[in-house]
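Remarks on the overall topology
Now for the letters of each chain:
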Amino acid sequence: MSGTFVGMPAFPTAARAALADTQLRHNLAHATGTIRAKRAAVVGEVEEWEELRLAGAAVKEAALRDLETHLVRLEESLTARGATVHWARDAAEANEIVARVARDHGVDEVVKVKSMATQEIGLNEALAEHGIAAWETDLAELIVQLGDDLPSHILVPAIHRNRAEVREIFLRAMGSVGRPAPADLTDEPAVLAAAAREHLREKFLRAKVAVSGANFAVAETGTLVVVESEGNGRMCLTLPEVLVSVVGIEKVVPTFADLDPLLRLLPRSSTGERMNPYTSTWTGVTPGDGPQEVHVVLLDNGRTRALADDVGRQALRCIRCSACLNACPVYERTGGHAYGSVYPGPIGAILNPLMKGTGDPQTDSLPYASSLCGACFEVCPVRIDIPEVLVHLRSKVVDGHRGDTVPKAEAVAMKAAAYAFSDSRRLGWVEKASGLAGRALTRLGRTTLPGGRSAAGRIPGPGAAAWTGARDLPAPPRESFRAWWRRTDGGRS
Amino acid sequence: MTTARDEILARVRSALSGVDRTPPLAPAPRIAAVPDLVGHFADRVEHYRAVVERCAAADLEATVAAALARHLPAGSGTVVVPDGLSFDVPGAVVDGAAGPGLTALELDRVDAVVTEAAVGVAETGTIVLDHGAGQGRRAITLVPDRHVCVVRAEQVVPDVPDALARLDPTRPMTWISGPSATSDIELDRVEGVHGPRTLHVVVVDPG
Ligand code: SF4
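All of the points below concern the structure found in this document. (Residues numbered from 1 in each chain as written. Chains lettered and ligands numbered in written order. Predicted model: local features only at pLDDT ≥ 70, side-chain atom pairs only at ≥ 80, totals over all residues. Heavy atoms only, no water.)

**A few points about the overall build of chain A**
Scanning chain A from terminus to terminus reveals 23 helices and 10 strands. Counting over 493 residues, chain A shows a buried share of 65%. Across chain A, the fraction of contacts at a sequence separation of at least 24, relative to all contacts at a separation of at least 6, is 75%. Per element, the accessible surface of chain A, about 17200 Å² overall, is 53% carbon and sulfur. (Helix = DSSP H or I, 4+ residues; strand = E, 2+ residues; numbered from the N terminus. Buried < 20%, exposed > 50% of the residue type's maximum accessible area, 1.4 Å probe, protein only. Contact = heavy atoms within 4.5 Å. Areas by Shrake-Rupley, 256 points an atom, 1.4 Å probe, with all protein chains shown as cover.)

**Section: the side chain of R39 of chain A**
Mapping R39 of chain A onto the fold places it in helix 2 (residues 22-44). For the buried residue R39 of chain A, which engages in no salt bridge, the nearest side chain bearing the opposite charge is E378 of chain A, 8.1 Å off. (Lys, Arg positive; Asp, Glu negative; His and termini not counted. Salt bridge = Lys/Arg side-chain N within 4 Å of Asp/Glu carboxyl O.)

**Focus on the environment of A158 of chain A**
Residues and elements named next belong to chain A. Examined against the element boundaries, A158 turns out to sit in the loop between helix 8 (139-146) and helix 9 (163-177). With a relative accessible area of 1%, A158 lands in the buried category. The sequence separation of A158 and G290 amounts to 132 residues, and the corresponding C-alpha distance is 30 Å. Those residues within four positions of A158 in sequence are excluded, and the remaining contacts are A140, I143 and V144.

**Some remarks on the interface of chain A and chain B**
Between chain A and chain B, the contact holds 95 residues from the first and 75 residues from the second. The tally of links from chain A across to chain B stands at 11 salt bridges. In this structure, R11 of chain B and D300 of chain A form a salt bridge, with 2.6 Å as the shortest nitrogen-oxygen distance. Sorting elements by how many residues they give to the side of chain A that touches chain B places helix 10 (residues 189-206) of chain A first, with 11 residues. For the side of chain A that touches chain B, the class distribution of residues is 46 nonpolar, 21 polar and 28 charged. Bridge count for strand 9 (residues 278-283) of chain A against strand 9 (residues 173-176) of chain B is 4 bridges, and the pairing is antiparallel. Residue pairing across strands places Y278 of chain A opposite I176 of chain B, the latter belonging to strand 9 of chain B. (Nonpolar A, V, L, I, M, F, W, Y, C, P; charged D, E, K, R; others polar. Pairing = 2+ DSSP bridges.)

**A word on the sheet that holds strand 7 (residues 146-152) of chain B**
Residue and element names in this part refer to chain B. Strand order across the open sheet formed by 6 strands is 1-12-7-4-2-3, with parallel pairing between neighbours. Looking at strand neighbours, the two that pair on one side only are strand 1 (51-56) and strand 3 (93-95), the edges of this open sheet. Averaged over all adjacent pairs, the angle separating strand axes in this sheet is 25°, with direction ignored. Here strand 1 pairs with strand 12 (residues 198-205) via 6 bridges, running parallel. Each bridged residue has a counterpart across the sheet, and for R54 the counterpart in strand 12 is V203. On the sheet, helix 2 (residues 37-47) packs against strand 1, strand 7 and strand 12 and is oriented at approximately 150° with respect to strand 1. (Axes fitted to C-alpha atoms, helices over the stretch in contact; angles between N-to-C directions.)

**A word on the environment of R36 of chain A**
Residue and element names in this part refer to chain A. The topology assignment puts R36 in helix 2. Put simply, R36 and G272 are 236 residues apart on the chain and 7.8 Å apart in space, counted from C-alpha to C-alpha. If we skip the residues at most four places from it in the chain, R36 touches N326, A327 and E332.

**Some remarks on the sheet that holds strand 5 (residues 216-218) of chain A**
Taken together, 8 strands build an open sheet; the order of strands is 8(A)-5(A)-6(A)-9(A)-9(B)-6(B)-5(B)-8(B) and the sheet is mixed. A strand with exactly one partner marks an edge of an open sheet, and here the two such strands are strand 8 (252-253) of chain A together with strand 8 (156-157) of chain B. As judged from the 3 bridges shared by strand 5 of chain A and strand 6 (residues 223-228) of chain A, these two strands associate in the antiparallel manner. If you follow A217 of chain A over to strand 6 of chain A, its bridge partner there is L224 of chain A. Sheet strands touched by helix 12 (residues 259-270) of chain A: strand 5, strand 6, strand 8 and strand 9 of chain A together with strand 9 of chain B. Its angle to strand 5 of chain A, the strand with the most contacts, is close to 165°.

**Focus: the site of the ligand**
Around the ligand, the structure places C318, I319, R320, C321, S322, C324, I347, C380, P381, V382, I384 and I386 of chain A. The residue inventory of the shell around the ligand, partitioned by class, reads 10 nonpolar, 1 polar and 1 charged. (Near = heavy atom within 4 Å.)

**A short note on the nonpolar core**
One finds F170, F216, L259, I347 and I350 of chain A together with L167 and W175 of chain B to be the most contacted residues of the largest nonpolar core, which totals 142 residues. Ranked by residues supplied to this core, first place goes to helix 10 of chain A with 7 residues. In terms of nonpolar packing, the next biggest core, distinct from the first, is built from 23 residues, A88, I97, L127 and L299 of chain A among them. (Core = buried A, V, L, I, M, F, W, Y, C linked by side-chain atoms within 4.5 Å.)

**Observations regarding the pattern of salt bridges**
Counted according to the given criterion, the structure contains 43 salt bridges over all chains. The salt bridge involving E45 of chain A is made with R268 of chain A; its shortest N-O contact spans 2.9 Å. With E45 of chain A in the loop between helix 2 and helix 3 (49-65) and R268 of chain A in helix 12, the pair connects residues that are 223 residues apart, well separated along the chain. Judged by relative accessible area, E45 of chain A falls into the partly exposed class, the value being 33%. With a relative accessible area of 4%, R268 of chain A lands in the buried category. Here R11 of chain B and E7 of chain B are joined by a salt bridge, their closest N and O atoms 3.0 Å apart. One end of the pair is R11 of chain B and the other is E7 of chain B, both in helix 1 (residues 4-15) and 4 residues apart, which spans about a single turn. You can call R11 of chain B partly exposed: its relative accessible area is 27%. Three or more residues joined by partner-sharing salt bridges are found here, namely E45, R268 and R274 of chain A together with R44 and E123 of chain B.

**Brief notes about the packing of helix 4 (residues 67-80) of chain A against helix 1 of chain B**
For any two helices packed against each other, the geometry comes down to the angle between their axes and how far apart the axes lie. Closest axis-to-axis distance for the helix 4 of chain A/helix 1 of chain B pair is 9 Å, and the angle between their directions is 150°. Viewed along their axes, helix 4 of chain A and helix 1 of chain B adopt a mutual orientation that is roughly antiparallel. Listed contacts from helix 1 of chain B to L67, E68, L71, V72 and E75 of chain A of helix 4 of chain A are R5, L9, V12 and R13 of chain B. Considered class by class, the residues forming the contact of helix 4 of chain A with helix 1 of chain B number 5 nonpolar, no polar and 4 charged. (Parallel < 35°, antiparallel > 145°, perpendicular 65-115°, else oblique.)

Function cannot be inferred from these measures alone, as they are strictly geometric.
As structure tokens, this is what we get:
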């Protein structure tokens, strides 16, 4: 069903394709503009917002700095409350654990609550290999899954789709996986939401196993928290007999009271609401209410690598609100797919290299996907200094290529980018050279990437059709980004 | 063979060697007190396009009956209530009075649910259910399409930290702020996806 990001081209290449897609740019500008205004209004009414940010950052920082203590505590509390705790070093281990639980119950399908961690590990694809269908139940995830598409935003993964496209996807694809969309489906959001309700309800009512993530995990009590809007989360967390939650180790907070600044910060930063419609908490197994078999998979998958980076560690404070995406002028114009990861935007530009390590051309290009304007830091509810981490990672990328006898094409391109971005007056000069760099990257892609992947052109592998089928990967543009920006007032005209 | 657990914890330890384990704390700020807490709560709940009304304790049963009549098709509709509800809802099915309670499929055929709540949060317009007596299992306030929820004035607290202080973390909880909603299509907020599409809150003033 939904694709994966494996084999995505590096950011500059992918961004060019995205910029050429005017429908995408229009959808994004509309959506991010709307949400920025909503966020600003509800943040503006909190006089103590800055103190609240400091408090939120402090809670997460305290949890991270003493992570071992809190993880061990979390495991104890969960176990005492009847949950089974698993540990997964990487994606493959985590996927195997979830698949094993599903297999133990003899199911061929699971329902899923939108979760960044399970997207990160490619759980749906891994379960499919075991013959298990994973149904996404969040409306936007459903749109992505039915459209055989890739998520492009943390909060609203289908932000790149407008209502007419959603209607078309529902009409075309719902019938092949369950209850079809009504033939008279219109493109009214309320009508589309009602179609999703009908389509998914039969799946909720029969599901035996559900998979979720968690926004927070309280060490002191073993309480897991899921923050959502639609009620699909409640359905998954309540109706099935078995619940498996995949939780990144950085989700831990020390105490129940520590949820306070975070539950106040997250909805205002995320959907621009005082509070999201539904927040569910559960602590192990509650006899007679909800799933009677509860599993928690504590996931590393690169988090400890990020933890070891003294400058980058702060990225693990992220509560996935997506405010930094909505605030970012680069994201607004390129969209999320160009980042080649389930974590797009400014946070993705630092989290991916921190978790995966530098050295891969796609990952190495991400710290350059920014103009260092600082808007991301200003809106971040847990005060992650994203520009500081970007600059730090750029130097790591460059250092990684210092030993090369022949400078790699992308190292040259990166150095040029670093040079250009460090002083906007130099950009005009670099514009002339960019066509060359683009061609160099394309050539490199044809030959030398690990695993035989190519960095440009037709991309092999599962889900690649979602990318290349819909868009031509471009030749270097005739018009430079800055020239285009001047001509169109930054894509607005 | 080292287990995944031991290896992850060892990685954490080595990642943090030499790092100060106790960074300075920053207490979360408190908001200024509002003069009319319960009125503020009602306003904030209403903002989510929930129906809100206030009544005196003596009028509770009549108010709930009128709320059900308003949302249900005339003269029909099944209503479920949890065991231990502190007031009477004539004609309602009591979930879990005898045995394990209704199945999800049975609940799917129920039109409305009436419950009480544990806490109301004024600043955010949130109702918290801790699924104790008078609130029922999580499923009964989820599957039916209409939820009439009774909150008593003395259950209303100013803000999120006050709510956390009142709640028992070991109980399952549902924090409800308005009816189910989505903004997933062009960030246009639409009420009603999977949870109850109608939320009717009755705030009971002390009698
Ligand atoms: S980095 Fe900050 S602003 Fe961006 S998603 Fe994470 S918490 Fe939100």
